[in-house]
Amino acid sequence: MERPSLENLETPAALVDLERVDANLRRVDAYARQHGLRWRPHTKTHKVPVLAELQVRAGASGVTVATPHEAEVMSAASSDVFLAYPPVGAARLERLMRLSAHVQLSVGLDSREVLEGLSAAAKKAGRTVGVLVEMDLGMRRVGVQQPAEAVALARAIQAAEAVEYRGVTFYPGHVRAPVASQDSALNAVSVRLAEFLEVLSSAGLRPQVVSGGSTPTLWRSHEVHGLTEIRPGVNILNDRNSAAVGACAWEDCAYSVLATVVSTTVPGQAVIDAGAKALAKEEGLAPEGGYGALLDRPDVVLRSLSEEHGLLDLSKTEWRPRVGDRVRVVPNHVCVSVNLHERLWAVRKGAVEQAWAITGRGWGAP
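Residues numbered from 1 in each chain as written. Predicted model: local features only at pLDDT ≥ 70, side-chain atom pairs only at ≥ 80, totals over all residues. Heavy atoms only, no water.

J.: Outline the overall build of the chain, supporting the account with residue identities and numerical values.
T.: On a plain count of helices and strands, the chain comes out with 10 helices and 17 strands. Compactness check: the chain gives a C-alpha radius of gyration of 22 Å against a globular reference of 21 Å for 366 residues, within 12% of the reference. Dimensions of the chain, computed from the C-alpha atoms along their principal axes, are close to 70 × 50 × 35 Å. Per-residue burial over the chain gives 54% buried out of 366 residues. (Helix = DSSP H or I, 4+ residues; strand = E, 2+ residues; numbered from the N terminus. Rg over C-alpha atoms; globule rule 2.2 N^0.38 Å. Buried < 20%, exposed > 50% of the residue type's maximum accessible area, 1.4 Å probe, protein only.)

J.: Residues and numbers for the pairing of strand β15 (residues 326-331), please.
T.: Most of β15 sits inside the fold, with five of its six residues counted as buried. Relative to β15, strand β10 (residues 255-263) runs antiparallel, the two being bridged by four bridges. Across the sheet, residue Ala-259 finds its bridge partner in β15, namely Val-327. Examined bridge by bridge, strand β12 (residues 292-294) and β15 share three bridges and lie antiparallel to one another. Directly across from Leu-294, in β15, lies its bridge partner Val-329. (Pairing = 2+ DSSP bridges.)

J.: Residue-level account of empty space enclosed by the protein, with values.
T.: This structure, assessed with the given rule, holds two cavities of 30 Å³ or more. The computed volume of the largest cavity comes to approximately 50 Å³. For the largest cavity, the full set of lining residues is Phe-170, Pro-172, Leu-186, Gly-212, Gly-213, Thr-217, Ser-221, Val-224 and Leu-227. Residues that form the lining of the largest cavity fall into these classes: five nonpolar, four polar and no charged. For the second largest cavity, the calculated volume is near 30 Å³. (1 Å grid on protein atoms, 1.4 Å probe; cavity = no way out; pocket = protein on both sides within 12 Å on 5 of 7 lines; lining within 4 Å. Points joined across faces, edges and corners; volume = space filled by probe spheres on them. Nonpolar A, V, L, I, M, F, W, Y, C, P; charged D, E, K, R; others polar.)

J.: With reference to specific residues and values, describe the layout of surface pockets.
T.: Its volume calculated, the largest pocket comes out at about 1100 Å³. As for the largest pocket, its lining consists of 44 residues, of which His-42, Lys-44, Arg-141, Tyr-171 and His-333 are closest to the centre. Counting residues per element, the ones that place at least two in the lining of the largest pocket are α8 (240-244) and α10 (334-338). Residues belonging to the lining of the largest pocket are distributed by class as follows: 19 nonpolar, 14 polar and 11 charged. If you go around the second largest pocket, you meet 18 residues; those closest to its centre are Glu-10, Pro-12, Ala-13, His-341 and Arg-343.

J.: So, the pattern of salt bridges: which residues are in play, and what are the values?
T.: When their charged atoms lie close together, side chains carrying opposite charge are able to pair. Summed over the entire model, instances satisfying the criterion amount to 22 salt bridges. Measuring nitrogen to oxygen at the nearest pair gives 2.5 Å for the salt bridge that ties Arg-192 to Glu-195. Of this pair, Arg-192 and Glu-195 both sit in helix α7 (residues 183-202), three residues apart, roughly one helical turn. Note that Arg-240 and Glu-288 form a salt bridge whose closest N and O atoms lie 3.9 Å from each other. (Salt bridge = Lys/Arg side-chain N within 4 Å of Asp/Glu carboxyl O.)

Such coordinate-based values are descriptive only and should not be taken to indicate function.
The following block contains the structure:
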């Protein structure tokens, strides 16, 4: 069978530039090594075992996942899996416990209710699961609120069967300012983390693992004192949001959606065949607004989206596309765009090398 080319791929098609992926992985591994940090990438961004294998090969110590299905899929790429989401309900717990015995599983949680279910499931399965206490350091989504609560939960973990207290975890997702303007927010995270670590240490519960981080804060993670492990997800592929806050250069964006121009009849715009069902209708951080921009013409913004149509704003460019022309769109948020596709087309130097099924999507077979 002849290998497809970019010219004959049916659009919209999700593309991954392998050269940029390689460069992104080398960059984060060098940073982690320089600052003595473990690197455990969040695979929810790409949901593809082959990319997780590339991350592990590049130096990642393990992987982070969000769902039991992702844990199942990514356990083929790494035997060290962290579920950064509280597993509530018998179905989720049973799936986790069915992971191969060689998988070292750890879970982040913030309540005794989740702990009790996890402990019972692990005991029944005859395995030991590591547990990290989730702390809220400003995100206001999940996590214990006070150091005393972290101590109480850590002690409950130590007292429970078939689980092991391994440390603490947090997500600084509220820090979305440009990288150069994160001083105050990162200092607040660092101060709050220090309060938790001091109280835990005084109680004889000094955490072995202090896991946190995100792509927007990635390159300043070493400024959060006490952090031992970072969990960036987006940075392997990057997106318009990452570039907007300075977490990457535009040339570091390795993901784009190939689309075809289908109409130019309305003045000042061009319509492409990639809409919300291929790119995701998510507001971004770029000051120009819109839902994405062209990879090779970042001044051309995707002004609006409907289900199957994307409208390119041509008001700031002299470029005038013709019907049938092909463009590559970098979406605001790569994770939600990838989740809308069945496969990723891996390209190198503009040529298609292979196609990867996005097997980590959805919930999979129970």
